[in-house]
Amino acid sequence: MVAERDGADKSADTCESLFCRTYDWSATAASTATITALATLEEVDPVELSDVLDITLYDHVDPEALDTLVAGEERVDLSFLIDDYRVRIDGEELTITRQCGR
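Residues numbered from 1 in each chain as written. Predicted model: local features only at pLDDT ≥ 70, side-chain atom pairs only at ≥ 80, totals over all residues. Heavy atoms only, no water.

*Asks:* Hey, could you run me through the overall build of the protein chain in this one?
*Replies:* Across its full length, the protein chain carries four helices and four strands. The linear arrangement of helices and strands in the protein chain, starting from the amino end, is α-β-α-α-α-β-β-β. Looking at the protein chain as a whole, 28% of its 102 residues are labelled buried. The contacts of the protein chain with a sequence gap of at least 6 include a subset with a gap of at least 24, amounting to 48%. (Helix = DSSP H or I, 4+ residues; strand = E, 2+ residues; numbered from the N terminus. Buried < 20%, exposed > 50% of the residue type's maximum accessible area, 1.4 Å probe, protein only. Contact = heavy atoms within 4.5 Å.)

The structure is reproduced here in structure tokens:
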């Protein structure tokens, strides 16, 4: 019975990737890539994203700091939440998943 419960817990924590793309961060700002990806998922123009989600990227992370951190020479692995989305940048990859359990 414990094995079944452990398996159920693991599957509940696993979220399906909604968006995944590799970027050259020296050519694309991480903040721009994030906004464009979220707009793609919401099926709106990136300019309209803040109206649709009723939030901005800046409400969750400083876009300039994000760009500087990701464009640095070191490999970056970070994640943050925006509305119901989990945004993860791991090296050159930007992945967006739906918040687990929602």
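Back to the text.
*Asks:* Explain helix H2 (residues 30-42) to me, please; I cannot follow it from the model alone.
*Replies:* One turn of an α-helix holds 3.6 residues; hence residues three or four places apart share an orientation. When the terminal C-alpha atoms of H2 are compared, their 18 Å separation across 13 residues agrees well with the 18 Å that a helix rising 1.5 Å per residue should span. Those residues of H2 that sit buried are Ala30, Ser31, Ala33, Thr34, Ala37, Leu38 and Ala39. In the core, the buried residues of H2 are packed alongside strand E1 (17-22), helix H3 (49-53), helix H4 (63-71), strand E2 (77-82), strand E3 (85-90) and strand E4 (93-98). In the stretch just after H2, Glu43 is the one whose phi turns positive, near 60°. (Expected span 1.5 Å × (residues − 1).)

*Asks:* Any chance you could explain the pairing of E3 here in plain terms?
*Replies:* A regular strand places its side chains on the two faces of the sheet in alternate fashion. Every second residue of E3 is oriented toward a common face, the buried set being Tyr85, Val87 and Ile89 and the non-buried set Arg86, Arg88 and Asp90. Where E2 folds back onto E3 in an antiparallel hairpin, the turn is made up of two residues, including Asp83, whose phi is positive at roughly 55°. (Pairing = 2+ DSSP bridges.)

*Asks:* I'm lost on the packing of H2 against H4 in this one. Help?
*Replies:* Each packed pair of helices is defined by two parameters, the angle between the axes and the distance between the axes. Interaxial distance between H2 and H4 falls to 7 Å at its minimum, and their mutual angle equals 115°. Judged on the interaxial angle alone, H4 and H2 are roughly perpendicular. When H2 is examined against H4, the residues Ala30, Ser31 and Thr34 are found in contact with a partner set consisting of Pro63, Leu66, Asp67 and Val70. Of the residues contributing to the contact of H2 with H4, the split by class is four nonpolar, two polar and one charged. (Axes fitted to C-alpha atoms, helices over the stretch in contact; angles between N-to-C directions. Parallel < 35°, antiparallel > 145°, perpendicular 65-115°, else oblique. Nonpolar A, V, L, I, M, F, W, Y, C, P; charged D, E, K, R; others polar.)

*Asks:* Can you walk me through the packing of aromatic side chains in this structure?
*Replies:* Counting across every chain of the model gives one aromatic pair. Residues Tyr23 and Trp25 carry aromatic rings whose centres are separated by 5.0 Å and whose planes lie at 25° to one another, so their mutual orientation is stacked. With a relative accessible area of 12%, Tyr23 lands in the buried category. (Phe/Tyr/Trp six-rings, centres within 6.5 Å; stacked < 30°, edge-to-face > 60°.)

*Asks:* Would you explain unusual backbone geometry in this entry?
*Replies:* Leaving glycine out, the prevailing phi sign among residues is negative, and the prevailing peptide bond configuration is trans. Although it is not a glycine, Asp54 adopts a positive phi angle of roughly 60°. By the element assignment, Asp54 lies in the loop between H3 and H4. The phi dihedral of Asp83 is positive, around 55°, even though this residue is not glycine. Inspection of the secondary structure assignment puts Asp83 in the loop between E2 and E3.

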